[in-house]
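# An overview of the molecular structure
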Amino acid sequence: MSHNTFGKNLRFTSFGESHGSTIGCVLDGFPPGMAITQEEIKQQLIRRATGQSRHTSQRKEKDDVQIVSGVFEGVTTGHPIALIIENTDARSKDYTNIAKQIRPGHADYAYWKKYQVRDYRGGGRSSARETTMRVAAGALARKWLHENYNISIIAWLSQLGNIHLNAGDLSRIDDSPFFTGEIDKVPELDKYMDALRKSGDSVGARISAKAVNVPAGLGEPVYGKLDAELALAMMSINATKGVEIGAGFASVGQNGSEHRDEIINNKFASNHAGGILAGVSTGQDITLDVAFKPTSSLRLPAQSIDIDGNAIEVVTKGRHDPCVGIRATPIVEAMMALVIMDHIMRHKAQTQSNKS
Ligand code: EPS
């Protein structure tokens, strides 16, 4: 069974491969009446795109999104919104040498075991190219959340390899390729990434995110808890290896007296819960962290096998991100927006409530 759709009342489906002619998505259930332009969607796509700095893949895709349906005279109609982007800079010959080879740590092995059919060009469906569509659809969700609930969603780089970063000034995350609010640290990050790229190796990253002004009451216990669906959404992003909600794994070392968020004068005094109790939003900021593994396509030789099981040494050439986690920041924001919007629509449908 294949599964390329998520969301219940706001349903997102994506299609396409890294080196296919086109990638696209359908966003069904989106409310009518919101103004949206291709340029607004593109503004978000540029934040995620390759080739924007020397620290990411140099594949140069224009990511010119086309709204194919669901928008008439600049306004959403309530019908399925279809978005497409043509792939214009795929270089499939980069992959000729590894057409039958398994890259350690890559989807190659698992996809081959499962499907026994291999689209080796740019990783096929397993490529991060698919995430363009999440960001495109997320642009609509973010706008709707902001216009209707004043909700804003922001993610930032909080760890690159062993370099830890504070949130800093989050209004500045788009001022560098690193999505960091700690602008003073950018030269150190530049230096680190330059050395990494030269070495041919890759590194992981932690992205932190928060959603502000989310109303209380979102989430569907017990199998559609808000935190469960956020975790699922985050784990569906390429290269994700971990998700924490609020204090996350640090809760293990906390005492209950420390972890519980006291309510003083009708206000929470802390937010270890990450804005979600028992799977339902509390009205506090929703906070989460996502761990991204190091990219597995490396030019450093590694021992592996080919698809016939023969021992080989594999070397990957081409235009790969030395840290795929950096470009994941807008993807985390988009997935958060899509999940929260879906839950607002579900909450309203069940409780017949107006707004919250
Ligand atoms: C990717 C490899 C590179 C990246 C690509 C993801 O593509 P290619 O090998 O075709 O040059 O550029 O990411 C994108 C194209 C994108 O838009 O994110 C991979 O192996 O996943």
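It should be noted that the structure appears before, not after, this text.
Given the structure is predicted, the values throughout are model-derived calculations rather than measurements.

Right, let's talk about the pairing of strand 10 (residues 205–212) for a bit. A regular strand carries its side chains on alternate faces of the sheet. Across eight bridges, the pairing between strand 8 (residues 152–160) and strand 10 is antiparallel. The partner of Ser-152 across the bridge, within strand 10, is Val-212. As paired elements, strand 10 and strand 16 (residues 286–292) share seven bridges and run antiparallel to each other. Across the sheet, residue Lys-210 finds its bridge partner in strand 16, namely Thr-287.

Below, the discussion takes up the site of the ligand. Not every one of the 13 residues close to the ligand is listed here, only the nearest: His-19, Arg-48, Ser-57, Arg-59 and Tyr-95. In this structure, Ser-57 approaches the ligand through a side-chain N or O atom, which is 2.6 Å from an oxygen atom. Arg-319 is positioned such that a nitrogen or oxygen atom in its side chain is 3.3 Å from an oxygen atom of the ligand. Starting from 470 Å² of accessible surface for the ligand in isolation, the protein chains cover 94%. For the shell around the ligand, the class distribution of residues is two nonpolar, six polar and five charged.

Close approach of charged atoms allows side chains of opposite charge to pair. If you walk through the whole model with that rule in mind, you get 28 salt bridges. Across the pair Asp-63 and Arg-129 runs a salt bridge whose closest N-O atoms are separated by 2.7 Å. Note that Asp-63 is positioned in the loop between helix 1 (38–48) and strand 4 (66–69) and Arg-129 in the loop between helix 2 (107–115) and helix 3 (131–149), a separation of 66 residues in sequence. Of the residues examined, Asp-63 reaches a relative accessible area of 2% and is grouped as buried.

Attention now moves to the side chain of Arg-118. Take Arg-118: it is sitting in the loop between helix 2 and helix 3. Here Arg-118 falls in the buried class, since its relative accessible area comes to 18%. A polar contact is formed between the side chain of Arg-118 and the backbone oxygen of Ala-99, at a distance of 2.6 Å. At 2.5 Å, the side chain of Arg-118 and the backbone oxygen of Gln-101 are in polar contact. With sequence-adjacent residues up to four places away left out, Arg-118 is seen in contact with Ile-98, Ala-99, Lys-100, Gln-101, Ile-102, Asp-108, Trp-112 and Ile-307.

Structurally, Asp-175 can be placed in the loop between strand 9 (163–164) and helix 4 (186–199). Take Asp-175: its relative accessible area is 48%, and that puts it in the partly exposed class. For the pair Asp-175 and Val-186, spaced 11 residues apart in the sequence, the C-alpha separation amounts to 9.9 Å. A polar side-chain atom of Asp-175 sits 2.8 Å from a polar atom in the side chain of Arg-172.

A few words on helix 5 (residues 226–235). Buried within helix 5 are the following residues: Leu-226, Glu-229, Leu-230, Ala-233 and Met-234. All buried residues of helix 5 fall inside an arc of 140° around its axis, so they share one side. Among the structural elements, helix 3, strand 11 (240–245), strand 14 (276–277), strand 15 (280–281), strand 16 and helix 7 (329–351) are those in contact with the buried residues of helix 5.

This brings us to the sheet that holds strand 7 (residues 81–86). Strand pairing in a sheet is mediated by backbone hydrogen bonds. Such pairs are either parallel or antiparallel. In spatial order, the strands read 1-2-3-7-4; together these five strands make up an open sheet with antiparallel pairing. Edge positions in the sheet fall to strand 1 (5–6) and strand 4, since each of these pairs with one other strand and no more. With three bridges connecting them, strand 4 and strand 7 associate as antiparallel partners. When the sheet's bridge partners are listed, Gln-66 is paired in strand 7 with Ile-84. Relative to strand 7, helix 3 is tilted by about 140°, and along the sheet it contacts strand 2 (11–15), strand 3 (22–28) and strand 7.

Take the side chain of His-19 next. With respect to the helices and strands, His-19 occurs in the loop between strand 2 and strand 3. The exposure class assigned to His-19 is buried, which follows from its relative accessible area of 9%. A distance of 3.4 Å separates a polar atom in the side chain of His-19 from a polar atom in the side chain of Arg-59. Excluding residues within four positions of it along the chain, His-19 makes contact with Arg-59, Asn-87, Ala-90, Arg-91, Ser-92, Tyr-95, Arg-121 and Gly-122.

To continue, consider unusual backbone geometry. In terms of backbone geometry, most residues other than glycine have negative phi values and most peptide bonds are trans. The amide bond that connects Pro-221 to the next residue, Val-222, takes the cis arrangement and shows omega of 5°. One non-glycine residue, Asp-63, lies in the positive phi region at around 50°. Unusually for a residue other than glycine, Asn-213 sits at a positive phi of about 75°. Of note, Asn-213 is situated in the loop between strand 10 and helix 5. In this structure Asn-213 comes out as partly exposed when scored by relative accessible area, which is 39%.

Turning to the pairing of strand 8, a few remarks are in order. Among the nine residues that make up strand 8, seven are buried, leaving the element largely enclosed by the rest of the structure. Sheet analysis places strand 8 next to strand 9, joined by two bridges and oriented antiparallel. Across the sheet, Leu-160 pairs through a bridge with Ile-163, a residue of strand 9. The hairpin formed by strand 8 and strand 9 contains two residues between the paired strands, and Gly-161 there has a positive phi angle of roughly 55°.

Calculation notes
- Residues numbered from 1 in each chain as written.
- Predicted model: local features only at pLDDT ≥ 70, side-chain atom pairs only at ≥ 80, totals over all residues.
- Heavy atoms only, no water.
- Pairing = 2+ DSSP bridges.
- Helix = DSSP H or I, 4+ residues; strand = E, 2+ residues; numbered from the N terminus.
- Near = heavy atom within 4 Å.
- Polar contact = N/O pair within 3.5 Å; in protein donor to acceptor, adjacent residues only side chain to side chain.
- Areas by Shrake-Rupley, 256 points an atom, 1.4 Å probe, with all protein chains shown as cover.
- Nonpolar A, V, L, I, M, F, W, Y, C, P; charged D, E, K, R; others polar.
- Salt bridge = Lys/Arg side-chain N within 4 Å of Asp/Glu carboxyl O.
- Buried < 20%, exposed > 50% of the residue type's maximum accessible area, 1.4 Å probe, protein only.
- Contact = heavy atoms within 4.5 Å.
- Arc of directions from axis to C-beta.
- Axes fitted to C-alpha atoms, helices over the stretch in contact; angles between N-to-C directions.

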